[in-house]
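Fold and contact review
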Amino acid sequence: MRPYREAIVLAGGFGTRLAHVVPDVCKPMAPVAGRPFLRFIMDQLAAAGFDRAVVADGYRREQIEDFFGSAYRGMAIEYSPEDTPLFTGGAVKRALGRCQSDWVFVLNGDTWLDFDFAALEAVVSDAPEDASAVIAVKRMHDFERYGTVDVDADGTLTAFHEKRPCEEGLINAGVYLLRRHALDNMPDKFSLESDYFECVVGNGSLCAVECTGGFIDIGVPEDYKLAQTMLAPLAKSWKLAMFDRDGTINVDIGHLHEPEKLELIPSTVDIMRGYTDDPDYKVVVVTNQAGIAKGLYTEADMRRLHRYMEDELEKLGVHVDAWYFCPHHPDYTGPCDCRKPAPGMLLAAMRDFDAMPIDCVMYGDAAKDKEAAAAGNVVFHYVKGNNYGE
Ligand SMILES: [Mg+2]
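The structure contained in this document is the topic of the report that follows. As the structure is a computational prediction, the values presented were derived from the model and not from experiment.

For the magnesium ion, the protein coordination sphere consists of Asp244 (OD), Asp246 (O) and Asp365 (OD), at 2.1 to 2.2 Å. Motif for the magnesium ion, donor spacing along one chain: D-x1-D-x118-D. Taken together, the positions of Asp246 in the loop between β15 (239–243) and α7 (266–276) and Asp365 in the loop between β18 (360–364) and α12 (367–375) put the pair 119 residues apart, joining distant regions of the chain.

With respect to the element layout, Asp337 can be found in the loop between α10 (330–333) and α11 (344–352). Distance from Asp337 to Arg304, taken between C-alpha atoms, is 25 Å for residues 33 residues apart in sequence. If we ignore the near neighbours within four places in the chain, the residues touching Asp337 are Ala342, Pro343 and Gly344.

The next point concerns the packing of aromatic side chains. Counted according to the given criterion, the structure contains 16 aromatic pairs. Where Phe68 meets Tyr72, the ring centres are 5.3 Å apart and the plane angle is 80 degrees; that geometry is what we call edge-to-face. Phe68 sits in the buried class, given a relative accessible area of 1%. Exposure remark for Tyr72: the relative accessible area of 1% places this residue in the buried category. The cationic tip of Arg35 hangs over the ring face of Phe40; the distance from NZ or CZ to the ring centre is 4.6 Å. Sitting over the face of the ring of Trp238, Lys282 holds its NZ or CZ atom 4.3 Å from the ring centroid.

Further remarks concern helix α3 (residues 87–96). Three or more residues of α3 are buried, namely Gly89, Gly90, Ala91, Val92, Ala95 and Leu96. Among the structural elements, β1 (6–11), β4 (52–57), β7 (103–108), β12 (166–179) and α5 (192–200) are those in contact with the buried residues of α3.

Scanning all chains against the criterion turns up 1 cavity of 30 Å³ or more. Considering the residues around the largest cavity, the lining is formed by Ile41, Gln44, Leu107, Asn108, Thr111, Trp112, Leu113, Phe115, Ala173 and Val175. Those elements that place two or more of their residues in the lining of the largest cavity are α1 (37–47), β7, β8 (111–113) and β12. The biggest single contributor to the lining of the largest cavity is β8, with 3 residues. Here the residues of the lining of the largest cavity are counted per class, giving 7 nonpolar, 3 polar and no charged.

The computed volume of the second largest pocket comes to approximately 630 Å³. What lines the second largest pocket is a set of 34 residues, among which Asp43, Ala46, Ala47, Ala48 and Asp321 lie closest to the centre. In terms of residue count, helix α9 (residues 299–315) provides more of the lining of the second largest pocket than any other element does, 7 residues in total. Taken together, the residues of the lining of the second largest pocket break down into 16 nonpolar, 5 polar and 13 charged.

On to the pattern of salt bridges. Where charged atoms of side chains with opposite charge meet at close range, the side chains can pair. A full pass over the atoms with the stated rule returns 30 salt bridges. Between Asp280 and Lys236 there is a salt bridge, with the nearest N and O atoms lying 3.8 Å from each other. Of the two residues, Asp280 sits in the loop between α7 and β16 (281–288) while Lys236 sits in the loop between α6 (221–230) and β15, which places them 44 residues apart along the sequence. Accessibility expressed as a relative area gives 28% for Lys236, which makes it partly exposed. Between Arg245 and Asp246 there is a salt bridge, and its shortest N-O distance comes to 3.0 Å. You can call Arg245 buried: its relative accessible area is 0%.

In this section: the sheet that holds β16. The strands making up a sheet associate through backbone hydrogen bonding, with each pair oriented either parallel or antiparallel. In spatial order, the strands read β17-β16-β15-β18-β19; together these 5 strands make up an open sheet with parallel pairing. Whereas interior strands pair on both sides, the edge strands pair on one side only; in this sheet they are β17 (322–326) and β19 (379–382). Ignoring strand direction, the axes of neighbouring strands in this sheet form an average angle of 20 degrees. Note that β16 and β17 share 5 bridges and pair parallel. Of the residues in β17, the one forming a bridge with Asn288 is Cys326. Of the strands in this sheet, β15, β16 and β18 are in contact with α7, which crosses β15 at around 165 degrees. Packing against the sheet, α11 makes contact with β15, β16, β17 and β18, and its axis sits at approximately 150 degrees to β17.

Okay, the pairing of strand β13 (residues 206–211) next. Note on strand geometry: in a regular strand, side chains alternate between the two faces of the sheet. Of all the 6 residues making up β13, 5 are buried; the element is thus mostly covered by neighbouring parts of the structure. Direction of pairing for strand β9 (residues 133–143) relative to β13: parallel, over a ladder of 6 bridges. Counterpart to Val134 in the pairing with β13 is Cys207.

Turning our attention to the nonpolar core. Counting 54 residues, the largest nonpolar core has Met42, Leu45, Ile64, Phe105 and Leu120 as its most contacted members. When residues of this core are assigned to their parent elements, the largest contribution, 7 residues, is made by α1. Apart from the residues within four sequence positions on either side, Leu120 is in contact with Phe105, Phe115, Val134, Ala136, Val175, Tyr176, Leu177 and Val209. Among the nonpolar cores identified, the runner-up in size contains 30 residues, and Leu10, Cys99, Ile135 and Val201 belong to it.

Conventions used here
- In this numbering scheme, every chain counts its residues from 1 along its sequence in written order.
- Given that the model is predicted, a residue must reach a pLDDT of at least 70 before its local features are reported, and side-chain atom pairs must reach 80 or more before they are shown or counted; all residues, however, enter totals for whole chains, interfaces and linings.
- Water and hydrogen atoms were dropped before computing side-chain values, which therefore reflect all heavy atoms in the structure.
- Because no water is among the atoms considered, metal sites can look incomplete, with donors defined as N, O and S atoms within 2.8 Å of the metal, or 3.2 Å for Na, K and Ca.
- Segments assigned H or I by DSSP are reported as helices when at least four residues long, segments assigned E as strands when at least two residues long, and all are numbered from the N terminus.
- Contacts: residue pairs with any heavy atoms within 4.5 Å of one another.
- Two aromatic rings from Phe, Tyr or Trp, using only the six-membered ring of Trp, form a pair when their centres are within 6.5 Å; if the ring planes differ by under 30 degrees the pair is stacked, by over 60 it is edge-to-face, and anything between is tilted.
- Burial classes: relative accessible area under 20% of the type maximum marks a residue as buried, over 50% as exposed, and values in between as partly exposed (1.4 Å probe, protein chains only).
- Any Lys NZ or Arg CZ that is within 6 Å of a ring centre and within 35 degrees of that ring's normal is treated as a charge sitting over the ring.
- Here a cavity denotes a set of grid points, spaced 1 Å apart and computed over the protein atoms alone, in which a 1.4 Å probe fits but from which it cannot get out, and a pocket denotes an open set meeting protein on both sides within 12 Å along at least five of seven lines; residues with an atom within 4 Å of a point are reported as lining.
- Grid points are joined across faces, edges and corners, and a volume is the space filled by probe spheres set on the points.
- Residues were grouped as follows: Ala, Val, Leu, Ile, Met, Phe, Trp, Tyr, Cys and Pro as nonpolar; Asp, Glu, Lys and Arg as charged; and all remaining residues, including Gly, as polar.
- Salt bridges, as used here, are contacts in which a Lys or Arg side-chain nitrogen is within 4 Å of a carboxyl oxygen on Asp or Glu.
- Only strands that DSSP links by at least two bridges are regarded as paired with each other.
- Orientation is described by axes fitted as lines to C-alpha atoms, over the contacting stretch for helices, and by angles from 0 to 180 degrees between their N-to-C directions.
- We call a set of buried Ala, Val, Leu, Ile, Met, Phe, Trp, Tyr and Cys residues a nonpolar core when their side-chain atoms join them within 4.5 Å.

So this is what it looks like as structure tokens:
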């Protein structure tokens, strides 16, 4: 089962270098290929199965928070705002206080790096006990706007060098896997790069992984222009196949939350596989999980079950792209607009994947699924006879 994954996204910068190109938005929300740049990073995290993203924001943070709210593509979104500039290190340290994993990814909200998260995690799993960070590095040619790093044969990062004209060299690509307690002894306000990484580099606690995928720093006007074409293929409108969970994908035993009690329904798995194989579709689950409101299990329990279900479904050729859930129940948490038959989860999925209702389909086993689909203008198909719990 993939690990619980958390990321901090640094999105509090002023964007001074880009201000004359996009004057009215904070840099991470600068439009790229018709959508806010930060969406590409959030899409990348969601596709990698991240459970939670903590956005360290500040300047014009309402633009970010109004857009992403509390969840995106099934990933919980939290905010760690700074009232006064804490610089990168202070912002990360503060956001780490909201994290719970031993190791947390840190991404810059103004750079794009196409890379494999698991490659950084692999280093940590056999790193020495005193490793504090894994830094993604990228080989660049003919540049002068970046400082460079030295990496020894073991993958230990051994030195940072100032910016200078360079024919070829490795640069810090702005993606890190950081030990959660690495910054405990640092002050509240500092630069992660110059006050931390450059100070501890001599002790061998920094590891490096060379990433070969695309890299763009939208803080630089010429890269911002390049991003419009480079990222355009990722700004796609999808069709959605949406599935209820209990009684549709799995046998409904009532408040399922224990992986060992999962029993998949083969006929629905076959339908899901068909959509997985269709390159125009994303497969999402939209499920009422009132057991969370009732205190029968926690959101963490549910997310663990969903990671297990992902593995079981992958073995059968099904890929789930996002899990939408409603943790509410009117008797316990008051009314909400996400609990089916309300269409909130369907509307959120369509928003997150730029899907039109006419391009979506919903499968479910209950009247509330049908009503939610109708309210969202989405075609509905009953999955019959599988609700063993009734
Ligand atoms: Mg159901």
